[in-house]
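Here are the chains, one letter per residue:
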Amino acid sequence: MPVVNRIADFSAEMSEWRHYLHTIPELGFDCPKTAAFIAERLREFGVDSVEEGIAQTGIVALIEGSEAGPTIGLRADFDGLPITEETGLDYASTHDGKMHACGHDGHTTMLLGAARYLAETRNFAGRVALIFQPAEESGGGAEVMVQEGILDRYGISQVYALHNAPGFEEGGFYTTPGALMAAVDTFHIDIQGVGGHGAMPHETRDPVMAACGIAQAIQTIVSRNHYALDDLVISVTQIHTGTVDNVIPDTAYINGTVRTFDRRVQQMVQERMAAIVAGQAASYGVTAELRYEVGYPATVNDPEKTAFAADIAREISGEGRVMAEAGREMGAEDFSYMLQERPGAYLFLGQGDTAGLHHPAYNFNDEVAPVGASFFARLVERAQPLSVTEAA
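Residues numbered from 1 in each chain as written. Predicted model: local features only at pLDDT ≥ 70, side-chain atom pairs only at ≥ 80, totals over all residues. Heavy atoms only, no water.

Caption draft 1: Geometry of the overall build of the protein chain. Along its length, the protein chain carries 13 helices and 16 strands. Taken over C-alpha atoms, the radius of gyration comes to 24 Å for the protein chain, in line with the 21 Å a tight globule of 392 residues would show. Projecting the C-alpha coordinates of the protein chain onto the three principal axes gives extents of approximately 85 × 45 × 40 Å. Counting only contacts in the protein chain whose residues sit at least 6 apart along the sequence, the fraction spanning at least 24 positions is 82%. If you sum the accessible surface of the protein chain, you get close to 16000 Å²; carbon and sulfur atoms cover 49% of it. In the protein chain, the 25 positive side-chain charges and the 54 negative ones have mean positions that sit 4 Å from each other. (Helix = DSSP H or I, 4+ residues; strand = E, 2+ residues; numbered from the N terminus. Rg over C-alpha atoms; globule rule 2.2 N^0.38 Å. Contact = heavy atoms within 4.5 Å. Areas by Shrake-Rupley, 256 points an atom, 1.4 Å probe, with all protein chains shown as cover. Lys, Arg positive; Asp, Glu negative; His and termini not counted. Charge placed at Lys NZ, Arg CZ, Asp CG, Glu CD.)

Caption draft 2: How the structure looks around the sheet that holds strand 12 (residues 251-260). Within the open sheet, the four strands sit side by side as 10-12-8-13. Their pairing is antiparallel. The two strands at the open ends of the sheet, each matched to only one other strand, are strand 10 (232-241) and strand 13 (287-293). The sheet shows a mean angle of 15 degrees between the axes of neighbouring strands, direction not considered. With 10 bridges connecting them, strand 8 (residues 183-192) and strand 12 associate as antiparallel partners. Paired with Ile189 across the bridge in strand 12 is Ile254. Sheet contacts for helix 7 (residues 207-218): strand 8, strand 10, strand 12 and strand 13; angle to strand 8, the most-contacted strand, approximately 155 degrees. The sheet strands contacting helix 9 (residues 263-284) are strand 8, strand 10, strand 12 and strand 13, and the helix crosses strand 13 at an angle near 165 degrees. (Pairing = 2+ DSSP bridges. Axes fitted to C-alpha atoms, helices over the stretch in contact; angles between N-to-C directions.)

Caption draft 3: Representation of the sheet that holds strand 6 (residues 173-174). As summarised here, the arrangement of the eight strands in space is 1-2-4-3-5-16-6-15, forming an open sheet in which the pairing is mixed. Both edges of this open sheet fall to strand 1 (49-54) and strand 15 (322-323), since each of them pairs with a single strand only. Relative to strand 2 (residues 58-64), strand 1 runs antiparallel, the two sharing four bridges. Within the sheet, the bridge partner assigned to Glu51 lies in strand 2 and is Val60.

Caption draft 4: Main features of the pattern of salt bridges. Scanning the entire structure with this criterion turns up 25 salt bridges. Measuring nitrogen to oxygen at the nearest pair gives 2.5 Å for the salt bridge that ties Glu333 to Arg75. Taken as a pair, Glu333 in the loop between strand 15 and helix 11 (336-341) and Arg75 in strand 3 (residues 67-77) lie far apart in primary sequence, 258 residues in all. The residues Glu333 and Arg75 share a single accessibility class, namely buried. (Salt bridge = Lys/Arg side-chain N within 4 Å of Asp/Glu carboxyl O. Buried < 20%, exposed > 50% of the residue type's maximum accessible area, 1.4 Å probe, protein only.)

Caption draft 5: Inspection of the state of the cysteines at higher detail. Counted according to the given criterion, the structure contains zero disulfides. Unpaired in terms of disulfides, Cys31 finds its nearest cysteine sulfur in Cys102, a separation of 13 Å. Judged by relative accessible area, which is 0%, Cys31 ranks as buried. (Disulfide = S-S within 2.5 Å.)

Caption draft 6: Seen up close, the side chain of Thr23. Within the fold, Thr23 resides in helix 2 (residues 11-23). In this view, Thr23 contacts Tyr91, Ala92, Ser93, Thr94 and His95; residues no more than four positions away in its chain are not counted.

Caption draft 7: Representation of the packing of helix 10 (residues 303-317) against helix 12 (residues 369-383) in the model. The interhelical angle for the contact between helix 10 and helix 12, taken along N-to-C directions, is 125 degrees, at an axis separation of 9 Å. Here helix 12 runs oblique to helix 10, going by the angle between their axes. Crossing of helix 10 against helix 12: the hand is right-handed. Between helix 10 and helix 12, the residues in contact are Phe308, Ala309, Ile312, Ala313, Glu315, Ile316 and Ser317 and Val371, Ser374, Phe375, Arg378, Leu379, Arg382 and Ala383, respectively. Here the contact of helix 10 with helix 12 is built from residues that sort into nine nonpolar, two polar and three charged. (Parallel < 35°, antiparallel > 145°, perpendicular 65-115°, else oblique. Left-handed = near helix turned anticlockwise from the far one by under 90°. Nonpolar A, V, L, I, M, F, W, Y, C, P; charged D, E, K, R; others polar.)

Caption draft 8: Spatial organisation of the layout of surface pockets. Within this model, the largest pocket holds a volume of roughly 630 Å³. Secondary structure elements with two or more residues in the lining of the largest pocket: strand 8, strand 12 and strand 16 (344-352). Top element by residues in the lining of the largest pocket is strand 8. It accounts for three residues. Partitioning the lining of the largest pocket into residue classes produces 12 nonpolar, nine polar and seven charged. Counted as a void, the second largest pocket has a volume near 170 Å³. If you go around the second largest pocket, you meet 13 residues; those closest to its centre are Ala183, Arg263, Gln266, Pro297 and Ala298. For the lining of the second largest pocket, the elements supplying multiple residues, two or more each, are strand 8 and helix 9. (1 Å grid on protein atoms, 1.4 Å probe; cavity = no way out; pocket = protein on both sides within 12 Å on 5 of 7 lines; lining within 4 Å. Points joined across faces, edges and corners; volume = space filled by probe spheres on them.)

What follows is the structure, given as structure tokens:
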């Protein structure tokens, strides 16, 4: 089946919802306008319950099916990014320095579209829990929602989510069983030296040279300390030091990320980074403190649920437009916390030729919103079908 006809009927309204959400991007857990809009739409659709205030602004809404059964969870994130928009759209962000540069406005719209259809038809057993989540970009909103008990409180037995994919065929899907996205950690290195005049470096303990040495030495972890077939990326993304051209500064700061799939590799990186920072600091005569922050775990799809979700995607988009074993990638996603607790799957939905994620010119492709909504709706109906008697 292609896009569900009823969802196609209100696709123009879905675009209106998405455009409004695009004008009001909010960050982290502090998303009151976005949450209020979502809750208002859900009540208009006639869902059976709406719980607000989870993880500050998160929402879980329930839709009861036409007979008893388990509960399936569908999740959409709704926070934006601290980026100044450069799209020139007539519905561009009205919040200075904030924009929906990752398409979370589209994710929310797709789940709202599925919610409207499911509340109207109820052609499924059990119930569906619609999870609208803040703070995916930073803060781990999914972890907080899990910690606040949504999976247990609502008896959610399996969970699914979608993410848009610029550069991939419009309306196509891709995913993979098992590990799909990496764990991501953050490191901070504070270097304390002794500053002085640029003409007299012998009287200083130069933190600039130490920062350069540490940044270079860290890369040997990838090239010399781990097995080449175990995926690992270490990226130094910030070095801050100095103020003027003739003064050697007192301090320097290094920041970056570590991306892994294997916890043993993750632990090795922490140990080697600590040793490298201490050794390099000693060699340059400075002191250095490493702060290593363990972040989102790897996103691991349940193989059986992934195969099932890929079958649904084929029903919506066609056999040749679904890659069910696309391989893994080094991005990270806090839906991983939900997948640690319940079986499920995370899929990507192609946006076509658009600007990339986190780019100031990015804009979600409204043409694929009905595709994503149809996927969610059909997923529920297939995962929790009515009995033969009830369906007849």
